[in-house]
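Topology and contacts: notes
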Amino acid sequence: MTARETIFAAIKSALAPLPEREPRPAVAHGVADAQWLADETDNVALFVQRATAVGTMCFRSSSDCLAWLFEQQPARVFIPDELRDVTAKFEGIVEVVRSYSRDQVDEIDTAFTPAAGAIAESGTIILTDESTPDRLAALAPWTHIAVVRKDTIHRSVADALAAMPDDPNIIWVTGPSKTADVEGILIQGVHGPGVQGCLLI
Amino acid sequence: MINLATRPKGKRVQLMATCLCDAFYDDVARATVEVLEHAGCEVDFPEGQTCCGQPAFNCGQWPAARKVMRHTASVFAGDAPIIVPSGSCAAMMFHGSTLEFEGEKDRAAIAQVGARTWELGDYLVNGLGIKEWPGEFRAKIAFHRACHTRGTPSGAAVLQLLQSIQGLEIVPFGEEEQCCGFGGTFSVSFPNVSTAMGDLKLEHLRAVHPDYIVSGDMSCLMHLGGLAEREGQPLKTLHFVQILRDALHQHHGQATH
Amino acid sequence: MAKQLIDTYVAELPPTVQKAVHQSTAATTEKRYQLLGDDYADSDGLRKLAGAIRQHTLEYLDTYLAQAEESLTARGAKVHYAVTAEDACQAVTGILQAAGITKVVKSKSMVTEEIHLNDYLANQGIESIESDLGEYIVQIDGDHPSHIVRPIIHKTRGDIARSFEREGLGDYNDDPETITRRARKFMRGKYLEAGAGITGANFVTADTGRLVLVTNEGNSRFCLAPAKVHIALVGIEKVVPSDADLSLLLNLLGRSATGQQLTVYTEFINGPRRADRPSGPEQMHVIFVDNRRTEVLASDCKEILRCIRCGACLNVCPVYRQASGHAYRSVYPGPVGAVLSPLLAGDKFKELADLPKASSLCGACNEVCPVDIPIPDLLLRLRNRAHQEHVPSPGTPPMAGFALLGSHPLIWRSAMTFGAAKDYLPLDRLPVPYLGAWLKTRTLPKWRGGKFRSWMKSRHGRNGGGGK
Ligand code: SF4
């Protein structure tokens, strides 16, 4: 017998004696929505509020974002071509590079990537391989700013799950990378970004 | 678990006094009778009763436990509600028994007894529909919800009654959801853990300076009271039914325990 | 008197460790409680629903597992099966060797702990680095995790600083921020040179074949960003029917584990790179591991397979809080471990049969479990099994005498009367170990045996009550 056959036979014989089996429970859409979600009417405002609460910096305009970025004095900023319009103001003010490769992991300390969407309920940014083909760009730099189109913000976690795109890799980012492994003390920026931002367009 | 919502609610009840009250806490059993009678019940006390068998059940000696439970089921024959002044023994009757009789021929008969069993506070509030308790009891108490009432209506029921008593102040304390550390034979087979758990509970309780520690289970109180006394800082303990009884008698301040 | 191992362990555990474990677990329990209360009117109902979903999946596991396999295969992943721990390790080695890979990075996974993958790979000459900060520290110390979510809950910053110094990661510095930055720098190099990333999975959806991975650090994502090969080791019980079920499970997992609405990174992976998505690893392998799960499924403790490894039961457990994780002598500590570890031990059941005893049966674990596992019931069944298999249980009184008393009312009543002798006996000097264990830290109340019965009798004439 192959390992597969052995395992399936063992599962079947384990389940055979059950007099009856647990039926599939109905899981109503939104059954685990936070109870306060019903009172919220503005997805964008809610997203900003929840994202801020989990430590994601939100920028409502590219000038706000630039002002903040300028203060940070980034070494090198990765901005892919498709974001050229959004970040036109950045040119000449910070050093912009247009391509990202693994040799540059140490040099590029800030990256902008387009997001595939967001979730208002949890303040989550959604990235996919389609939106962010370079996974490292959204992960390795100390500062990552996801560019989120307001009309792609899902209301709830359940809504986002109901609309999952066909993509081999979808990642939800809810705040900056963090750990509490050392004595329970919260430290941000373990492997991923220490500063997670979001520019709404 | 047996469906707790369909238990009988008649006013002729059978009292299961519990082995601990039989051996140590006769006043709690007496108070139970007086309180039930005040609520209009007629209380039968089947004399052949011994114990629910939980000590053997909890340490995995199920054949011994079943022997005791079979005896108990035969003593509590009939269809009257069975009232127990202990959340732990009550849970043994309506939940533990169904586990230990899995695959046994007489499981249905045992389950019939479990399906009539009520913890006292649950019965007063949800069986008899009493929402407030008359009388007065001037004291500050800390209420320890016994662990075996988790998932049952008992904790809320008892609090509701106590809160309605004039003069009674219930103070919250730290980590209320934590166990006192008794756990039946656990208390002697894991003496270090059991004692440490009890000490933590006492620390939280002492921090709020209650006049009494109150619970619905004398086993928790025996453990906590015994620890406190051995440490040379005794704490006064009461079963909630003693408060209900004393409130009726309008005892003021220091009751006689 | 012989002692229960966990009780002895507690007595010997340094108070500093005990205090650290207690503070951290109590704080997480409180956060969890607050968030669930703020967000849900009926979080208890949600737990029960999640439990029903998991139970349903288990009871149709053959169907859902086959469906998950089909979904994954259709998206270009290669699915393998491993009956034993050894089989699983061999499968991993085979994949790595075929791809000519000698260096791998791992993200935290309980099943890889369970099959001791790192040791196995090291013996095959393959470097395998744990990328989760806590797990990395466990690895360099040759230690074991003491909590399923917080592996180094038993270590102080000083311990960690010394380990880092020893490993050449800079001079002694116990500032948690510095420790984290040094790990970040070191791990960067490892991610980039690794040929494969090894992960577990928190869930696998049957309908879409999505592997769901949650981390706060972002390490699983990093393991999969530069690597050519992704190998996921997944317990066969991790399947859930559909994406829609995840909305409930993910919402409960983050809140239960760490008091977060969602864990920072929630990653959904259902295949290797494709022509139109040329980003990720070229190969994706999923190894479904049995390692005695089918035995658990056949047992009367199958509900434990619902577990989603949130750690809430550890955090709330008063025994775990006293004992910390190593006392459980197995990969899974705390209440979940007390059930799962002896079951996964197979013919070594007896060696871990004391774990189910290490509980006051307080039921706090069931009350917090996001999939409503009746842990106390399972502990009791395992105690019964240990007794039937004649496993000795130190410190537990034999119950034959109790059964005799408890089933003979006449003997019971005379015992009640004669028990009064106790108040006149030098109890602490009697050669009864159980009594001694009680009296060492506790007093016993005065004996009042039979008093209630005579009071009850004396009222018969008055009110006509009484029974048979
Ligand atoms: S048994 Fe329940 S509470 Fe414990 S780790 Fe598993 S899912 Fe979490």
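Residues numbered from 1 in each chain as written. Chains lettered and ligands numbered in written order. Predicted model: local features only at pLDDT ≥ 70, side-chain atom pairs only at ≥ 80, totals over all residues. Heavy atoms only, no water.

1. Things to note about the overall build of chain A
Helices and strands together make up the secondary structure of chain A, namely four helices and twelve strands. Relative to the 2.2 N^0.38 estimate, which gives 17 Å for 201 residues, the radius of gyration of chain A is 21 Å and therefore markedly larger than a compact globule would have. Each principal axis of the C-alpha atoms in chain A carries an extent, and together these give about 70 × 45 × 40 Å. Across the 201 residues in chain A, those meeting the buried criterion constitute 55%. Considering only contacts within chain A whose residues lie at least 6 apart along the sequence, 69% involve residues at least 24 apart. Of the side chains in chain A, 16 bear a positive and 28 a negative charge, and the two mean positions are spaced by 4 Å. (Helix = DSSP H or I, 4+ residues; strand = E, 2+ residues; numbered from the N terminus. Rg over C-alpha atoms; globule rule 2.2 N^0.38 Å. Buried < 20%, exposed > 50% of the residue type's maximum accessible area, 1.4 Å probe, protein only. Contact = heavy atoms within 4.5 Å. Lys, Arg positive; Asp, Glu negative; His and termini not counted. Charge placed at Lys NZ, Arg CZ, Asp CG, Glu CD.)

2. Considerations on the sheet that holds strand β5 (residues 136-144) of chain B
Hydrogen bonds between backbone atoms are what pair the strands of a sheet, whose relative direction is either parallel or antiparallel. All names here are of chain B. Spatially, four strands are ordered β6-β5-β7-β8 in an open sheet, and the strand pairing comes out parallel. Each having just a single partner strand, β6 (166-170) and β8 (237-239) make up the two edges of the open sheet. Neighbouring strand axes in the sheet, compared pairwise and without regard to direction, differ in orientation by 40° on average. Sheet topology note: the β5/β6 ladder contains four bridges and is parallel. (Pairing = 2+ DSSP bridges. Axes fitted to C-alpha atoms, helices over the stretch in contact; angles between N-to-C directions.)

3. Some points on the domain arrangement of chain B
The figure often quoted for interface size is the accessible area lost as the parts come together. All names here are of chain B. What the domain assignment reports for chain B is domain 1 (4-127) and domain 2 (136-251). Using only C-alpha atoms to locate each centre, domain 1 and domain 2 end up separated by 22 Å. With 28 residues of domain 1 at the contact, the number on the domain 2 side is 23 residues. In total, domain 1 and domain 2 occlude about 2,100 Å² of area from one another, counting both sides; carbon and sulfur atoms represent 69% of this. Counting the surface domain 1 buries against domain 2, the share from its top three residues, Y25, V28 and V125, is 20%. Between domain 1 and domain 2 we count two salt bridges in total. Seen at the junction of domain 1 and domain 2, the total is eight residue pairs in polar contact (both at pLDDT 80 or more). (Domains from an automatic or database assignment. Buried area = accessible area lost by both parts, 1.4 Å probe. Salt bridge = Lys/Arg side-chain N within 4 Å of Asp/Glu carboxyl O. Polar contact = N/O pair within 3.5 Å; in protein donor to acceptor, adjacent residues only side chain to side chain.)

4. Brief notes about the interface of chain A and chain C
Across the contact, 73 residues belong to chain A and 91 residues belong to chain C. Counting across the chain A and chain C interface gives six salt bridges. The interface formed by chain A and chain C holds 46 residue pairs in polar contact (both at pLDDT 80 or more) in total. Contributions of two or more residues to the side of chain A that touches chain C are made by α1 (3-15), β6 (124-128), α4 (157-162), β9 (169-173), β10 (178-179) and β11 (187-188) of chain A. Looking at which element gives the most residues to the side of chain A that touches chain C, the answer is α1(A), with ten residues. Taken together, the residues that form the side of chain A that touches chain C break down as 41 nonpolar, 14 polar and 18 charged. When β9(A) meets strand β9 (residues 265-269) of chain C, the two strands line up antiparallel, connected through five bridges. Among the inter-strand pairings, A:I170 is bridged to a residue of β9(C), identified as C:F268. (Nonpolar A, V, L, I, M, F, W, Y, C, P; charged D, E, K, R; others polar.)

5. Notes on the site of the ligand
Among the 13 residues in the neighbourhood of the ligand, the closest are listed as C:C307, C:C310, C:G311, C:C313 and C:C369. Residue classes in the shell around the ligand are distributed as eleven nonpolar, one polar and one charged. (Near = heavy atom within 4 Å.)

6. Digging into the pattern of salt bridges
A complete count under the given rule lists 59 salt bridges over all chains for this structure. Salt-bridge contacts for B:R245 lead to B:E34; the nearest nitrogen and oxygen are separated by 4.0 Å. With a gap of 211 residues between them, B:R245 in helix α12 (residues 240-248) and B:E34 in helix α2 (residues 26-38) connect regions that are remote in the sequence. B:R70 is paired through a salt bridge with B:D106; the nearest N and O atoms lie 2.5 Å apart. Taken as a pair, B:R70 in helix α4 (residues 62-75) and B:D106 in the loop between α5 (87-100) and α6 (107-114) lie far apart in primary sequence, 36 residues in all. What emerges from the salt-bridge pattern is a single network uniting B:D26, B:D27, B:R30, B:E34, B:R245, B:D246 and C:R448.

7. Quick word on the environment of C:V289
Residue and element names in this part refer to chain C. By secondary structure assignment, the location of V289 is in strand β10 (residues 283-289). C-alpha of V289 to C-alpha of S330: the two residues are 41 residues apart in sequence and 18 Å apart in space. Setting aside residues up to four positions removed in sequence, V289 forms contacts with A82, A88, V111, I115, L233, V234, G235 and I236.

8. Comments concerning the environment of B:G155
All names here are of chain B. Take G155: it is sitting in helix α8 (residues 154-163). G155 gets classed as buried once you look at its relative accessible area, which sits at 9%. In sequence terms G155 and S215 are 60 residues apart; their C-alpha atoms lie 9.4 Å from each other. Here G155 is in contact with F143, R145 and T149, once residues within four sequence places are set aside.

9. Some remarks on the packing of aromatic side chains
Taken as a whole, this structure holds 19 aromatic pairs over all chains when the rule is applied. Ring centres of B:F45 and C:F452 lie 5.2 Å apart, and the angle between their planes is 85°; on these two criteria the pair is classed as edge-to-face. Of this pair, B:F45 sits in the loop between β2 (42-44) and α3 (54-58) while C:F452 sits in helix α22 (residues 451-458), each in a different chain. Using a relative accessible area of 2% as the deciding quantity, one classes B:F45 as buried. With relative accessibility at 1%, the residue C:F452 sits in the buried group. Taking 6.2 Å as the distance between ring centres and 80° as the angle between the ring planes, the aromatic pair formed by C:Y136 and C:F164 counts as edge-to-face. Placement of C:Y136 in helix α8 (residues 133-140) and of C:F164 in helix α9 (residues 157-166) is noted, with a sequence separation of 28 residues between them. Across the pair, exposure class does not vary: C:Y136 and C:F164 are buried alike. For the cation-ring pair, B:R7 lies above B:W118, with the distance from its terminal atom to the ring centre recorded as 3.9 Å. The ring of C:F349 is capped by C:R385, whose NZ or CZ atom sits 3.6 Å from the centre of that ring. (Phe/Tyr/Trp six-rings, centres within 6.5 Å; stacked < 30°, edge-to-face > 60°. Lys NZ or Arg CZ within 6 Å of the ring centre and 35° of its normal.)

10. As for the pairing of strand β7 (residues 229-235) of chain C
Residue and element names in this part refer to chain C. Here β7 lies mainly inside the structure; seven of its seven residues are buried. Side-chain alternation along β7 places V229, I231, L233 and G235 on one buried face and H230, A232 and V234 on a second face that is also buried. By the bridge criterion, seven bridges tie β7 to β10 in an arrangement that is parallel. Bridge pairing in β10 links V234 to F288.

11. What to know about unusual backbone geometry
Residue and element names in this part refer to chain C. In this structure, N291 is a non-glycine residue whose phi angle is positive, near 45°. Relative to the helices and strands, N291 is located in the loop between β10 and α13 (293-298). Phi angles above zero are rare outside glycine, and D372 is one such case at about 50°. Here D372 shows up in the loop between α17 (364-368) and α18 (375-388).

12. Notes on the arrangement of the chains
Out of two pairs of chains that touch, the pair holding the most contacts is chains A and C. In this structure chain A stays clear of chain B, and the shortest span between their C-alpha atoms is 13 Å.

13. Description of helix α10 (residues 176-193) of chain C
Between its first and last C-alpha, α10(C) extends 26 Å over 18 residues, near the 26 Å set by a 1.5 Å rise per residue. Inspection of α10(C) places C:P176, C:T178, C:I179, C:T180, C:A183, C:R184, C:M187, C:R188, C:K190 and C:Y191 among the buried residues, and these make up the whole buried set. (Expected span 1.5 Å × (residues − 1).)

14. Here we look at the pairing of strand β1 (residues 12-15) of chain B
Regular strands place side chains that alternate from one sheet face to the opposite one. Residue and element names in this part refer to chain B. Of the strand pairs in this sheet, β1 and β2 are connected by three bridges, and their pairing is parallel. What sits directly across from R12, in β2, is E42. Bridge count for β1 against strand β3 (residues 82-84) is two bridges, and the pairing is parallel. For L15, the partnering residue across the bridge sits in β3 and is I83.

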